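# Results of the structural survey
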Amino acid sequence: MGTIVISGTVVLVILGFDNHLYWLAAVAVLFLYLQYGRSASAPSGGAGGGGGGAPSGGSMPADYRAYRSRRDMQAKWERRYRRERPLESRRQEREKSK
């Protein structure tokens, strides 16, 4: 998959010497591949997978440690939100329980 994207990008760059919109298309193709294509084709598992940033979308975590760190960070932000906005959090709880 990566070789198809690379060769397509090269073709768009070569065509871009006549029309600069092709360069924009090449950048868009690379962006979309890096944003969506790599996570689907990347091998899952392994200890070195999820260094610190969360993968985009709702994909499975690379390892349990990455999952725990994201879950703990989410809980931290939720506690902070409830502490800083008590009225809003109570309203949301009431709507949720209905």
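Reading guide: rules and limits
Residues numbered from 1 in each chain as written. Predicted model: local features only at pLDDT ≥ 70, side-chain atom pairs only at ≥ 80, totals over all residues. Heavy atoms only, no water. pLDDT = per-residue confidence, 0-100. Helix = DSSP H or I, 4+ residues; strand = E, 2+ residues; numbered from the N terminus. Contact = heavy atoms within 4.5 Å. Patch = residues over 30% accessible without salt bridge, like charges linked within 9 Å, V, L, I, M, F, W, Y side chains within 5 Å. Areas by Shrake-Rupley, 256 points an atom, 1.4 Å probe, with all protein chains shown as cover. Salt bridge = Lys/Arg side-chain N within 4 Å of Asp/Glu carboxyl O. Lys, Arg positive; Asp, Glu negative; His and termini not counted. Charge placed at Lys NZ, Arg CZ, Asp CG, Glu CD. Buried < 20%, exposed > 50% of the residue type's maximum accessible area, 1.4 Å probe, protein only. Polar contact = N/O pair within 3.5 Å; in protein donor to acceptor, adjacent residues only side chain to side chain.

## Focus on the confidence of the model for the protein chain
Counting all residues, the mean pLDDT for the protein chain is 78, and 76% of those residues have values of 70 or more. Averaged pLDDT values over the elements of the protein chain bottom out at 80 in helix 2 (residues 21–41) and peak at 92 in helix 3 (residues 64–84). Low pLDDT (under 50) marks residues 44–52, which in the prediction has 7 contacts with non-local residues, meaning those over four places away or in another chain.

## Quick notes on a positive patch on the surface
A contiguous patch of positive charge on the surface is contributed by Lys76, Arg79, Arg82, Arg83 and Lys96. Per element, the largest residue contribution to the positive patch is 4 residues, and it comes from helix 3. By secondary structure assignment, the location of Lys76 is in helix 3. Lys76 sits in the partly exposed class, given a relative accessible area of 48%.

## Overview of the pattern of salt bridges
Evaluated as defined, the whole model comprises 5 salt bridges. It is possible to trace a salt-bridge network through shared partners that takes in Arg80, Glu84 and Arg85.

## Topic: a nonpolar patch on the surface
The grouping of Ile6, Val10, Ile14 and Leu30 at the surface amounts to a nonpolar patch, some 340 Å² of accessible area in total. It is helix 1 (residues 2–15) that contributes the most residues to the nonpolar patch, 3 residues altogether. Judged by its relative accessible area of 33%, Leu30 is partly exposed.

## A few points about the side chain of Ser89
Positionally, Ser89 belongs in helix 4 (residues 86–97). In terms of polar contacts, Ser89 uses its side chain to reach the backbone carbonyl oxygen of Pro86, at 2.9 Å.

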